[in-house]
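Topology and contacts: notes
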Amino acid sequence: MAAAVPIVDYLVLGDDPHLVAQECTACGARFFDRRNACASCFATEFRDATIATEGELKAFTIVAFAAPGVPVPFVAGVVDCDGTSVRGNVINTEPDPDHVSLGMKVKLATQVVGTDDDGTEAIGFGFEPLEA
Amino acid sequence: MASDDIWILGIKMTKFGKHPDLDTVDLAAEAAQAALADGGVTMADIGVLAAGNLMNASAGIGQQLQKQIGQTGIPVYNVANACATGATALRTAIMAIKAGECDMGLAVGVEKLSGAGLLGGGGTPKSDKNVYEPKGRFGAVTNVDGRIGTNTMPGTFAQIGMEYGHKYGGTSFELFAKISEKNHSHSTLNPLAAYTKKMTLEEIMGDMMIAYPNTRPMCSANCDGAAAAVVVSGEKLKTLSLEQQKRAVKVSASVLTSDPWQESCQVLPDVNTLTKMAATQAYEQAGVSPDDLDLVELHDCFATAELVHYDNLGLCEEGGAVDFFNSGAPWRDGQTPVNVSGGLQSKGHPIAATGIANIWEVCHHLRGEAGDRQIEGAKVGLAHVIGLGSACGVHILEKSAA
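What counts as what
Residues numbered from 1 in each chain as written. Chains lettered and ligands numbered in written order. Predicted model: local features only at pLDDT ≥ 70, side-chain atom pairs only at ≥ 80, totals over all residues. Heavy atoms only, no water. Salt bridge = Lys/Arg side-chain N within 4 Å of Asp/Glu carboxyl O. Helix = DSSP H or I, 4+ residues; strand = E, 2+ residues; numbered from the N terminus. Buried < 20%, exposed > 50% of the residue type's maximum accessible area, 1.4 Å probe, protein only. Pairing = 2+ DSSP bridges. Axes fitted to C-alpha atoms, helices over the stretch in contact; angles between N-to-C directions. Contact = heavy atoms within 4.5 Å. Buried area = accessible area lost by both parts, 1.4 Å probe. Polar contact = N/O pair within 3.5 Å; in protein donor to acceptor, adjacent residues only side chain to side chain. Nonpolar A, V, L, I, M, F, W, Y, C, P; charged D, E, K, R; others polar.

Residues and elements named next belong to chain B. Under the defined criterion, the tally for this structure stands at 14 salt bridges over all chains. Ionic pairing is found between Lys182 and Glu306, a salt bridge with its closest N-O pair at 2.7 Å. With Lys182 in helix 5 (residues 173–186) and Glu306 in helix 10 (residues 303–312), the pair connects residues that are 124 residues apart, well separated along the chain. Neither residue differs from the other here; Lys182 and Glu306 are each classed as buried. A salt bridge links Arg373 to Glu361; its shortest N-O distance comes to 2.8 Å. Here Arg373 is found in the loop between helix 13 (351–366) and strand 10 (380–387), whereas its partner Glu361 is found in helix 13, with twelve residues between them in sequence. Through salt bridges that share partners, Asp38, Arg247, Arg367 and Glu369 make up one connected network.

Now the structure itself:
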């Protein structure tokens, strides 16, 4: 089996793939990137917070025209995962308005998004329809 | 007029569109010289210059411009604030006057954007040997644009409109297209607009899809253009001619905000909260309410964006943007005409020029000089811009009582 790395460091691979946010210990604000301080309350301590793997699609677009090298069409969206907003693509369904709708229930899914020259696979994530 | 009021003495925008024969400085000079002439003053009267050219922000457009229209040694502030760059330049000149450093200032915004194509997407190209290695604040091993959502402007603002639809209901592809139909209809009366051809709803919906639900005509038009304004203190204006005083337009409110932290603002930009804040502050400063507005130029960078700003600017009750649009209110013969210039979708969006050009549009009506597209009897207007990142500028303008 090829070596695998997550596309971003807030994706945790393994038997139960999930996302992890940096949560401010003072106010609970959550961030997905490295922080100098909390943008909400300016505190500097963070802890890992596991993000729910199921949620509701609260905004989306179907991108038909993108930068060179980005395969289109694809569905980009924001998923409300139990109160935490997560950015991601809607995957494993047709990228058209008949198959993607506001408020649809989705769950986290992973997929290989590329392989480097050493044969290591990059594992990306997206959200697929819960009823699929 | 109160001594500490700020007034627009002269203001002008160039024709928006393709200007292959003019460079960035030519366009800035054309707008600046026209604004000075409009105000009946020269560079000798100007005490501060604030200038913006976003796509080449490190080039010092202010000093480049001085070399073409007059080097007088005054302080120059080169500003960059995304799509709010023009409004930021204007506000910088206003702040200098309010601070008492001078009594007259010039603000200029200019952009050459024809053929610029899609803005916001893409990523850093990889080196020759491709070995995954976490980089940046997300520890990304490869480009994430298109893999974890989209960085493109049409896609980002599409989601902003869809988010509103999810929250309040009533949105559809057709509704957003109708907003664009309005703006493309309005611009038929604006000779300075980049596009002046009316488009039917069918043409708009049938055009090339960029990022659902935004088709190409529902996206802001990349084009060349510049706009400039001369601002003056009330005290100085009193010393000028009656004709200058009559044509001067009062800046009743000048507000700039950035986005305060919100739960999802770093996942999908929140263009709502900072616009609501800016509008609230502006109405308070000006002592007017949304009901008093005779026209509004707002930042319709995409059809999906125009909808949410009806609500953010308080033109309707919270959650009522769809009903507001469907009532016909934002059409030029409606209760609160919005983007009678054609807006960014049809007049065009040369980024740094936009924040002054939409103030020019409002001033044009308040002065009663808007010709065929004049909103009769216009006394109060509002101009709004937003740049992602984010920055929001709101100005409220009032007709001179002189």
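Still more to cover.
Our next topic: the sheet that holds strand 2 (residues 48–52) of chain B. All names here are of chain B. The sheet built from nine strands is open, its strands ordered 3-2-4-7-1-8-11-10-9 with mixed pairing. Across the chains shown, the open sheet's two edge strands, defined by having one partner strand only, are strand 3 (76–79) and strand 9 (295–297). Sheet twist, expressed as the average angle between the axes of neighbouring strands with direction ignored, equals 25 degrees. As paired strands, strand 1 (residues 6–13) and strand 7 (residues 225–233) are joined by seven bridges and run antiparallel to one another. Each bridged residue has a counterpart across the sheet, and for Ile6 the counterpart in strand 7 is Ser233. Running at roughly 130 degrees to strand 3, helix 2 (residues 61–69) makes contact with strand 2, strand 3 and strand 4 (104–111) of the sheet.

Glancing now at the environment of Leu192 of chain B. All names here are of chain B. Tracing the backbone through its elements, the reader meets Leu192 in the loop between helix 5 and helix 6 (201–206). Exposure remark for Leu192: the relative accessible area of 18% places this residue in the buried category. Here the alpha-carbon distance between Leu192 and Gln159, two residues 33 residues apart in the chain, equals 30 Å. Not counting residues up to four positions away in its chain, the partners in contact with Leu192 are Met13, Thr14, Lys15, Phe16 and Trp360.

It is worth spelling out the interface of chain A and chain B at this point. Many descriptions give the size of an interface as the accessible area lost when the pieces come together. Facing 53 residues of chain A, the contacting portion of chain B comprises 41 residues. Taken over both partners, the interface formed by chain A and chain B buries close to 4,000 Å², and the fraction arising from carbon and sulfur atoms is 59%. Contact with chain B buries area across many residues of chain A, yet Ile7, Phe65 and Arg87 of chain A alone supply 17% of it, more than any other trio. Linking chain A to chain B there are zero salt bridges. On the surface where chain A and chain B come into contact, there are 20 residue pairs in polar contact (both at pLDDT 80 or more). Elements that contribute at least two residues to the side of chain A that touches chain B include exactly strand 1 (4–6), strand 4 (30–31), strand 6 (54–63), strand 7 (74–81), strand 8 (84–90), strand 9 (105–115) and strand 10 (121–129) of chain A. Broken down by element, the residue count for the side of chain A that touches chain B peaks at eight residues, all from strand 6 of chain A. Taken together, the residues that form the side of chain A that touches chain B break down as 28 nonpolar, 13 polar and twelve charged. Sheet analysis places strand 6 of chain A next to strand 5 (residues 209–212) of chain B, joined by two bridges and oriented antiparallel. The partner of Ile62 of chain A across the bridge, within strand 5 of chain B, is Tyr212 of chain B.

The next thing to look at is the side chain of His365 of chain B. Residues and elements named next belong to chain B. For His365, the location among the structural elements is in helix 13. Among the residues examined, His365 registers a relative accessible area of 1% and is labelled buried. Filtering out sequence-adjacent residues up to four positions away, His365 remains in contact with Leu295, Val340, Ala370, Arg373, Gln374, Ile375 and Ala378.

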